Amino acid sequence: MKFSLLKSASLISVILLTTTACAQQSATDTIKNNVNQAPQNSASIQSTQATSSVSKAVDSQLRQLLSQAGIKTQITSIMPSKLPNMYQVNLVGQPPLHITKEGKYVIQGELQKNPSKRVVTETPARSSSLQVGKPVSASLKSDLLANMGALKNMSAKTPFFYTAVPGVIWGATLEGVPFLLSDDGQYITDGEISVIENGQFIGLDSNFERLKNQAVFATLDHSQLITYPATSPEKAVIYVANDVNCPYCRRLHQQLPMLNAKGVTVKTIGYPIYEKSPEQMRAIWCQGSEDSRRTAFDKAMLQGKMTPAPASCEADYVTPNREKSAGLAVMATPAIYREDGVLYQASFETPEFLEFLEFLGVE
């Protein structure tokens, strides 16, 4: 489901309140649907073109590249984008594209002006290729949050990562809903970064996603993951974002003995999305030892029996990792990731899942 694009700052509220249980259409899919749109009237086109300050060479280059990549919608104008190091390509009847000069990275989405008072006015130091997929620096995060004071759901727990486009930052709400913003915090969109390679759209920026997810795994408290170790020489490690009330999570759990026997270690991230799950999962994570916690989790997943928390345990061991996992942008559970950060995006009950594991040498 693609988020509704609203022509006001209310888009920001939509982004911040969307739940993790909904799937959304990728930016690439949206771009590919840009076909056979009705033309604008000439007065509107001329008005838009008048605001462009892009050289004829860049304008021609980007038009040609997008045409070769399959964009059929009429391009009315190309101008500098409010997103750093990008140009805005205005389309008839569609949200604009934002594209880098060489035409590799593309975002589709309306930019919304952050309604917050701008507190930090200095232009941040732009990121390098070595920072792609890494969390932003503490100073940049502090500056971003200072400039986003009107956005109530932004906090020190909000994850922000450098993208492959210097000056464009990837963020996610604690519910795991992704968004992009300029590194001064002034403009925000619900689009995601797609890649054009060899003249064709190839999907979201998988290199960024992989590196970002690796960075998220590194921040997790591994003592609070419920781990099912490989029972033969370990060949692979996967991470699974799980909810005890998710039917598909329970079906995947039935396969753990088989995966362990094949040399796959499974690390479970407590990721409650159902209303009653947070307290039930807190109780499981409250069990006194790793073995008792794993036993309680097994009962929940295989028998539907929930183990109560010990009376002495008032702690919440689930939420800290759940919040750190917001950077994974989980759209539904179970979300299965290889240790290298690659997300599995098909049914685990199909041969494709074994192929996903075979990539890591699991047979």
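Values in this document were obtained by computation on a predicted structure and should not be read as measured data. (Residues numbered from 1 in each chain as written. Predicted model: local features only at pLDDT ≥ 70, side-chain atom pairs only at ≥ 80, totals over all residues. Heavy atoms only, no water.)

**Points about the pairing of strand 3 (residues 94-99)**
Side chains on a regular strand alternate between the two faces of the sheet. Of all the six residues making up strand 3, five are buried; the element is thus mostly covered by neighbouring parts of the structure. Of the pairings in the sheet, the one linking strand 2 (residues 87-91) to strand 3 comprises four bridges and is antiparallel in character. Directly across from Tyr87, in strand 3, lies its bridge partner Ile99. As judged from the three bridges shared by strand 3 and strand 4 (residues 105-108), these two strands associate in the antiparallel manner. Bridging across to strand 4, Leu97 finds its partner in Gln108. What sits between strand 3 and strand 4 in their antiparallel hairpin is a turn of five residues, with Gly103 showing a positive phi close to 80 degrees. (Buried < 20%, exposed > 50% of the residue type's maximum accessible area, 1.4 Å probe, protein only. Helix = DSSP H or I, 4+ residues; strand = E, 2+ residues; numbered from the N terminus. Pairing = 2+ DSSP bridges.)

**Describing unusual backbone geometry**
With the exception of glycine, most residues fall at negative phi, and the peptide bonds are largely trans. The step from Thr333 to Pro334 runs through a cis peptide bond, and the omega angle for that step is -5 degrees. Within the element layout of this structure, Pro334 appears in the loop between helix 11 (319-324) and strand 15 (335-338). Unlike most non-glycine residues, Ala329 shows phi in positive territory, near 55 degrees. Here Ala329 is to be found in the loop between helix 11 and strand 15.

**Thoughts on the packing of aromatic side chains**
Counted according to the given criterion, the structure contains nine aromatic pairs. Ring centres of Trp170 and Phe208 lie 6.0 Å apart, and the angle between their planes is 55 degrees; on these two criteria the pair is classed as tilted. Of the two residues, Trp170 is situated in strand 7 (residues 168-172) and Phe208 in helix 6 (residues 206-219); the sequence distance between them amounts to 38 residues. Centroid distance Tyr344 to Phe356: 4.9 Å. Interplanar angle 50 degrees. Geometry classified as tilted. Linking Tyr344 in strand 16 (residues 343-344) with Phe356 in helix 12 (residues 351-358), this pair joins segments that are 12 residues apart in sequence. Each of the two residues, Tyr344 as well as Phe356, counts as buried. The aromatic ring of Tyr187 is capped on one face by Lys113, whose charged end is 5.6 Å from the ring centroid. (Phe/Tyr/Trp six-rings, centres within 6.5 Å; stacked < 30°, edge-to-face > 60°. Lys NZ or Arg CZ within 6 Å of the ring centre and 35° of its normal.)

**A short note on helix 12**
For helix 12, the set of buried residues is Phe353, Phe356 and Leu357. Looking down the long axis of helix 12, one finds its buried residues gathered within 95 degrees of arc, a one-sided arrangement. On its buried face, helix 12 sits against strand 13 (236-242), helix 8 (256-261), strand 15 and strand 16. (Arc of directions from axis to C-beta. Contact = heavy atoms within 4.5 Å.)

**Focus on the sheet that holds strand 12 (residues 226-228)**
Taken in spatial order, the five strands of this open sheet run 12-14-13-15-16, and their pairing is mixed. Edge positions in the sheet fall to strand 12 and strand 16, since each of these pairs with one other strand and no more. Two elements, strand 13 and strand 15, share four bridges in a ladder whose sense is antiparallel. Each residue of the ladder has a partner; that of Ile238, found in strand 15, is Arg338.

**Points about the pairing of strand 4**
Residues Tyr105 and Ile107 of strand 4 are buried on one face, and the alternating residues Val106 and Gln108, pointing to the opposite face, are buried as well. Where strand 4 meets strand 10 (residues 193-197), three bridges bridge the pair, whose relative direction is antiparallel. In the strand pairing of strand 10, Val106 is matched with Ser194.

**What to know about the sheet that holds strand 5 (residues 112-113)**
Read from one edge to the other, the open sheet built from five strands follows the order 5-9-8-7-6, with strand pairing classed as antiparallel. Every other strand in the sheet has two partners, leaving strand 5 and strand 6 (160-162) as the edge strands with one partner each. Here two bridges tie strand 5 to strand 9 (residues 187-189), and the two strands are oriented antiparallel to one another. Each bridged residue has a counterpart across the sheet, and for Gln112 the counterpart in strand 9 is Ile188. Against the sheet, helix 5 (residues 138-146) engages strand 6, strand 7 and strand 8 (178-182), with an angle of about 125 degrees to strand 6. Relative to the sheet, helix 6 contacts strand 6 and strand 7, its axis offset from that of strand 6 by approximately 130 degrees. (Axes fitted to C-alpha atoms, helices over the stretch in contact; angles between N-to-C directions.)

**Here we look at the side chain of Asp183**
If you trace the backbone, Asp183 turns up in the loop between strand 8 and strand 9. With relative accessibility at 3%, the residue Asp183 sits in the buried group. Among the polar contacts made by the side chain of Asp183, one reaches the side chain of Arg126 at a distance of 2.6 Å. Every residue in contact with Asp183, bar those within four places of it in the chain, is listed here: Pro84, Pro124, Arg126, Leu140, Leu144, Gly167 and Ile169. (Polar contact = N/O pair within 3.5 Å; in protein donor to acceptor, adjacent residues only side chain to side chain.)

**What to know about the state of the cysteines**
Applying the stated criterion across every chain, the model contains one disulfide. Across the disulfide, Cys286 is cross-linked to Cys313 (sulfur-sulfur distance 1.9 Å). Because the sign of the S-S torsion sets the handedness, a value of about -60 degrees for the bond joining Cys286 and Cys313 places this disulfide among the left-handed ones. Of this pair, Cys286 sits in the loop between helix 9 (277-285) and helix 10 (290-303) while Cys313 is found in the loop between helix 10 and helix 11, placing the two residues 27 residues apart along the sequence. Judged by its relative accessible area of 7%, Cys286 falls in the buried class. (Disulfide = S-S within 2.5 Å.)

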